[in-house]
Each structure stands twice: as structure tokens, then as C-alpha cells.
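Now for the letters of each chain:
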Amino acid sequence: MPPIQLDHIAIALPRIADAPAALVDVLGGVPERSWPAGVFRWASWTFANGSVIEILEPAGPDGFLHRFLAAHGRGVHHVTFKVPDLALVCRRAETRGYDIVGRDESDPSWKEAFLHPKQALGIVVQLAESGSTPPPRDPPGSIPPGLPAPLPPVSILGLRLRAHSRERAITQWREVLQGEMGETPEGSLVFRWSGSPLRLVVDVDATAPEGPTAIEIASDRVVASLDAASARLGIRLTRQQGGD
């Protein structure tokens, strides 16, 4: 059975068209695909190490993204894990006290379920089992264009989060989602998944709100305007030396 993989980071914005000024003009992201999905639409960009950032925009008069943006503003909405057996991972989560929400297996090409952020350390966690036949690609031009001479893409190393408890972080990311765990000299927990370029770094702080605090990047080139790009995406972008 293939391993679980951390597939992408998803950011909620009022409009997908707001994203290229940060993802392309600053980070050098390469447009990948876009697709309508009922009450929202998504588009994705790829980066130097094969990592993916997805942008979500609301559609229609109401929906979960309208509510998220109204409550939190723009920013990281969820992380998606590709799992080989959705039912197995859901059972493993439930035995450790998680409630599974939004479970939908009506489409055999994309079965999904979610861990709610109130239980999942302040972030929505999407669990997805994909079939062998992906949906067709959108026609050319469906993703907002980038620069005619784009900058080289950076590497998206992963997401930095805050958790109140070391034990809860280990339960969620290692026991339920089977990440390989390490630790920084400062005591932060680092979780990686075989075959995935993305990682999660968890800082334990019992007094501050749980949830995403930064997207970490690495690049050999100068990356200007990170503060402006951070404001546009609603999440701090931090450059790590040497990709560590």
C-alpha cells in the first residue's frame, strides 16, 4: 500500500485573481490547473521542489468559504493529505477521539473526509483517496496569467503551525497521519511524509492560538516583496536558509 502524502496547502482568498501577484510575481509559481467545485472554485500553482499551493475562492451567494473569509479573512484554509485507504485513516482518527466531518464517497475518483479545526490544532485537515482517472483539465486560460518572463520558482518547504500540546501534535501528525517525526534544536516538531516535498513544523505554545503561522520557502535567488506577498495571501512567508 502506498504511503500517506502531504499533497498541498490551500489558501482562501476572495478572488483567485488576487493570487498571481504573490504566487507568480514574487514566488515564481507555475500555473497548474483550475476547476469549479460547487460553492467554490480552486486553482493551483507548482514550485521548484514539486510542491503545490492551491487557492480557493467562493462562488454563489453562500458557502463555507464565505463564512471562513467573514470570520477569519484571507489565509490558510486547509492542508490536504492523499491517503491510500480513506476508511482506514478515518477509523484510526476516530479511535483517537477525532470526529470525521464532511465525509463524501459518492465520487469514486475522489473520496474525501475532514478533521475539524476545533479538534485538529486550528486547521482543517482534508483526507482524500483519489481514483485512477482524474477529472479533465480546464481549457487554456482558465488560470489567471503570470508574468511573460517569470522569475525562477522558489521551493515551498511547508507550513509552520502552533499547537498547545506536544502530545496532541504527535497524535495528529504521527499517529493518525503517519508522518516521520523529528525535532529542531529549539524544540519544534518537524513532520515529513515519504514522497512529499512538503513538511509541517509545529511550535508548541500553550498560551497562543493554535493554527498556521507561516509558509516557509527556500530559494537561491533574491526574493523581494515577501511582506507584500504575505499580506496578499493572508499568511506570513518566511525564507529559510539552506532549505532546512
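Preceding this section is the structure that the text describes.
Residues numbered from 1 in each chain as written. Predicted model: local features only at pLDDT ≥ 70, side-chain atom pairs only at ≥ 80, totals over all residues. Heavy atoms only, no water.

Draft legend 1. Region of interest: the nonpolar core. With 59 residues, the main nonpolar core has Leu-27, Phe-81, Trp-173 and Ile-215 as its most contacted residues. Ignoring any residue separated from it by four or fewer positions in sequence, one finds Phe-81 in contact with Ile-4, Gln-5, Leu-6, Asp-7, Val-125, Gln-126, Leu-127, Ala-128, Trp-173, Leu-177, Trp-193 and Leu-200. Ala-12, Trp-42, Leu-56 and Leu-65 belong to the second largest nonpolar core, which has eight residues in total. (Core = buried A, V, L, I, M, F, W, Y, C linked by side-chain atoms within 4.5 Å. Buried < 20%, exposed > 50% of the residue type's maximum accessible area, 1.4 Å probe, protein only. Contact = heavy atoms within 4.5 Å.)

Draft legend 2. Region of interest: the sheet that holds strand β7 (residues 110–115). Taken together, eight strands build an open sheet; the order of strands is β2-β3-β4-β1-β5-β8-β7-β6 and the sheet is mixed. The open sheet terminates on both sides in strands that have one partner only, identified here as β2 (30–37) and β6 (100–104). Strand-to-strand twist in this sheet, taken as the mean axis angle between neighbours without regard to direction, amounts to 25 degrees. For β2 and strand β3 (residues 40–46), the ladder comprises seven bridges, and the chain directions are antiparallel. If you follow Ser-34 over to β3, its bridge partner there is Ala-43. (Pairing = 2+ DSSP bridges. Helix = DSSP H or I, 4+ residues; strand = E, 2+ residues; numbered from the N terminus. Axes fitted to C-alpha atoms, helices over the stretch in contact; angles between N-to-C directions.)

Draft legend 3. Just helix α5 (residues 226–233), in detail. Along α5, the residues classified as buried are Leu-226, Ala-229, Ser-230 and Leu-233. Within α5, the buried residues cover an arc of 105 degrees as seen down the axis, which keeps them to one side. Away from its buried face by more than 90 degrees, α5 exposes Asp-227, Ala-228 and Ala-231. Buried residues in α5 make contact with β1 (5–12), α1 (20–23), β4 (52–58), β5 (75–82), β13 (211–218) and β14 (236–239). Downstream of α5 by one or two residues, Gly-234 has phi in the positive range, about 75 degrees. (Arc of directions from axis to C-beta.)

Draft legend 4. Highlighting the sheet that holds β14. Read from one edge of the open sheet, six strands run β10-β11-β12-β9-β13-β14, paired in mixed fashion. This sheet does not close on itself; its edge strands, each paired only once, are β10 (180–183) and β14. In this sheet, neighbouring strand axes are inclined to one another by 30 degrees on average, regardless of whether the strands run parallel or antiparallel. Note: strand β9 (residues 155–163) against β13, seven bridges, orientation antiparallel.

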